[in-house]
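# Observations on the model geometry
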Amino acid sequence: MDVARLAGVSQKTVSRVFNEEPYVSAEVRARVLEAAEQLGYRRNNAARALASGRTRSIGVITLGTALYGPASLLMGVERVVRDTGYALRVVNTMEGDPAGLAGAVDSLLDQGVDGIVISEPIDEPGGVDAGPLRVDVPVLVIGAPPPPLRSPAVLTAGGGADLMARAATEHLLGLDHVTVHHLAGPQRWFAARDRLEGWRTTLVSHGREVPPVVEGDWSAASGYAAGRAFAQDPEVTAVFAANDDMAIGLVRALMEAGRHVPGDVSVVGFDDIPVAAYVTPPLTTVRQPFDAVAHEGLKRLVHAIENPDAGPLPASAPPVDLVVRASTAPPPPAVTARSAG
């Protein structure tokens, strides 16, 4: 074992140190722990390696939030992990804590997990200032670019939000709207950036005007505030909102201001939350494939855990599922006539 060689002791001595057994001198104990630190081993991982076994557990790092997207993704991961026969260990991080990811990784590695799922949708400034994280198990990153990691395998899943945003924007342009406004999510979130980029790229590719972006905070209240502003502009005939909660607040504000949805303004959301089909009008939205992303990502992670010398399984693009309901329609004839003129 590398630790034993570097420390100049036997594997049995290393095992005694990691298991906190007696009859090891302080000098030898310190030498072994220093060697383990240099090699990036943690106590439980090294003890597990000495036993040549696995704990059959997977750790999940997720943002501590009740928002529909992260919560639904966590539920999907929980279902799939248990179906694979692995135990699940979850560590929540909090928004605004740049050291949260590193601390969560350390906590899971100290529990001896065989693999780690990182579902951290927020870009925390300063979170990687200490340099790359050393992780001696395979890692799956869902819905975000991988942070700086040193790991046997770094896998990704859950991309494609830009393609889903393109589908939403294309739908509105296909109804003959001159352009599409965007109610974006907070730009610290990778998902919000991807959806904004998909919307912008679609408008540019069609040669359409790119209106100023209005940024919300994912809540219906922020959608309502944005809707009051959009209602004052008669040129606004189509809005793509970055999630359904904001879209629902937006529709409420437009209707209160006398702007009919979809007669005057069409609205598309994102996520397909359970209530989206039952609001007035039922909301056109993009359905997020949470279960599909969890299933494919975990299948690839388990493969990496159980076949460390094999190459990674290929990834596939997530499906794009636009659910068309009653909140979208062609623009009012008067607007169409003005744009033609």
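Every chain begins its residue count from 1, and numbering advances along the sequence as written. Side-chain atom pairs in this predicted model are given and counted only at pLDDT of 80 or more, local residue features only at pLDDT of at least 70, and totals for whole chains, interfaces and linings cover all residues. Working from all heavy atoms in the structure, the side-chain values ignore hydrogens and water.

### A few points about the packing of aromatic side chains
Only centres within 6.5 Å qualify two rings of Phe, Tyr or Trp (six-membered ring in Trp) as a pair; their planes then separate them into stacked at under 30 degrees, edge-to-face at over 60, and tilted for everything else. Applying the stated criterion to the full structure yields three aromatic pairs. Ring plane angle 75° and centroid distance 5.8 Å describe the contact between tyrosine 68 and phenylalanine 290, whose orientation is recorded as edge-to-face. Of this pair, tyrosine 68 sits in helix 5 (residues 68-83) while phenylalanine 290 sits in helix 11 (residues 290-306), placing them 222 residues apart in sequence. Burial status follows relative accessibility: with a 1.4 Å probe on protein chains alone, a residue under 20% of its type maximum counts as buried, one over 50% as exposed, and anything between as partly exposed. Exposure remark for tyrosine 68: the relative accessible area of 27% places this residue in the partly exposed category. Between arginine 56 and the ring centre of tyrosine 86, over which it is positioned, the NZ or CZ distance is 4.2 Å. What counts as a helix is a DSSP run of H or I of at least four residues, what counts as a strand is a run of E of at least two, and both are numbered from the N terminus. For a lysine, the NZ atom is tested; for an arginine, the CZ atom; a charge sits over a ring if that atom is within 6 Å of the ring centre and within 35 degrees of the ring normal.

### Some remarks on helix 7 (residues 161-174)
For helix 7, built from 14 residues, the straight-helix expectation of 20 Å at 1.5 Å per residue is met to within 8% by its first-to-last C-alpha distance of 20 Å. Among all positions in helix 7, only Ala161, Met164, Ala165, Ala167, Ala168, Thr169, His171, Leu172 and Leu173 are buried. Positioned one or two residues after helix 7, aspartate 176 has a phi angle of 80°, which is positive. Under the convention used throughout, the expected extent of a helix is 1.5 Å for every residue step, that is, one less than its residue count.

### Here's the deal with the confidence of the model for the protein chain
With 89% of its residues at a pLDDT of 70 or more, the protein chain shows a mean pLDDT of 88. Note: pLDDT gives the predictor's confidence per residue, expressed from 0 to 100. Contacts are assigned to residue pairs with any non-hydrogen atoms lying within 4.5 Å of each other. Scored below 50 in pLDDT, residues 48-52 shows 12 contacts in the model against residues more than four places distant or in partner chains.

### Comments concerning the pattern of salt bridges
The working definition used for a salt bridge is a side-chain nitrogen of Lys or Arg within 4 Å of a carboxyl oxygen of Asp or Glu. Counted by the stated rule, this structure contains eight salt bridges. One salt bridge connects arginine 287 with aspartate 321, and the closest N-O pair in it is separated by 3.0 Å. Residue arginine 287 is found in strand 12 (residues 284-287), and its partner aspartate 321 is found in strand 13 (residues 321-323); the two are separated by 34 residues along the sequence. What emerges from the salt-bridge pattern is a single network uniting Asp272, Arg287, Asp321 and Arg325.

### Focus: the sheet that holds strand 5 (residues 139-142)
On the basis of which strands lie adjacent, the open sheet formed by five strands has the order 2-1-3-5-7 and parallel pairing. Both outer strands of the open sheet, strand 2 (87-93) and strand 7 (154-157), are each paired with one neighbouring strand and no more. Strand-to-strand twist of the sheet, defined as the mean angle between neighbouring strand axes without regard to direction, takes the value 20°. One bridge is not enough; two strands pair if DSSP finds at least two bridges between them. Judged from the three bridges that link them, strand 3 (residues 115-119) and strand 5 form a sheet pairing that is parallel. Bridge pairing in strand 5 places isoleucine 116 opposite valine 139. The convention used is that axes are lines fitted to C-alpha atoms, helices contributing only their stretch in contact, and that angles between N-to-C directions extend from 0 to 180 degrees. Running over the sheet, helix 6 (residues 100-110) touches strand 1 (57-63), strand 2 and strand 3 and is turned about 155° from strand 2. Taken strand by strand, helix 11 contacts strand 1, strand 3, strand 5 and strand 7, and its axis lies near 165° from that of strand 7.

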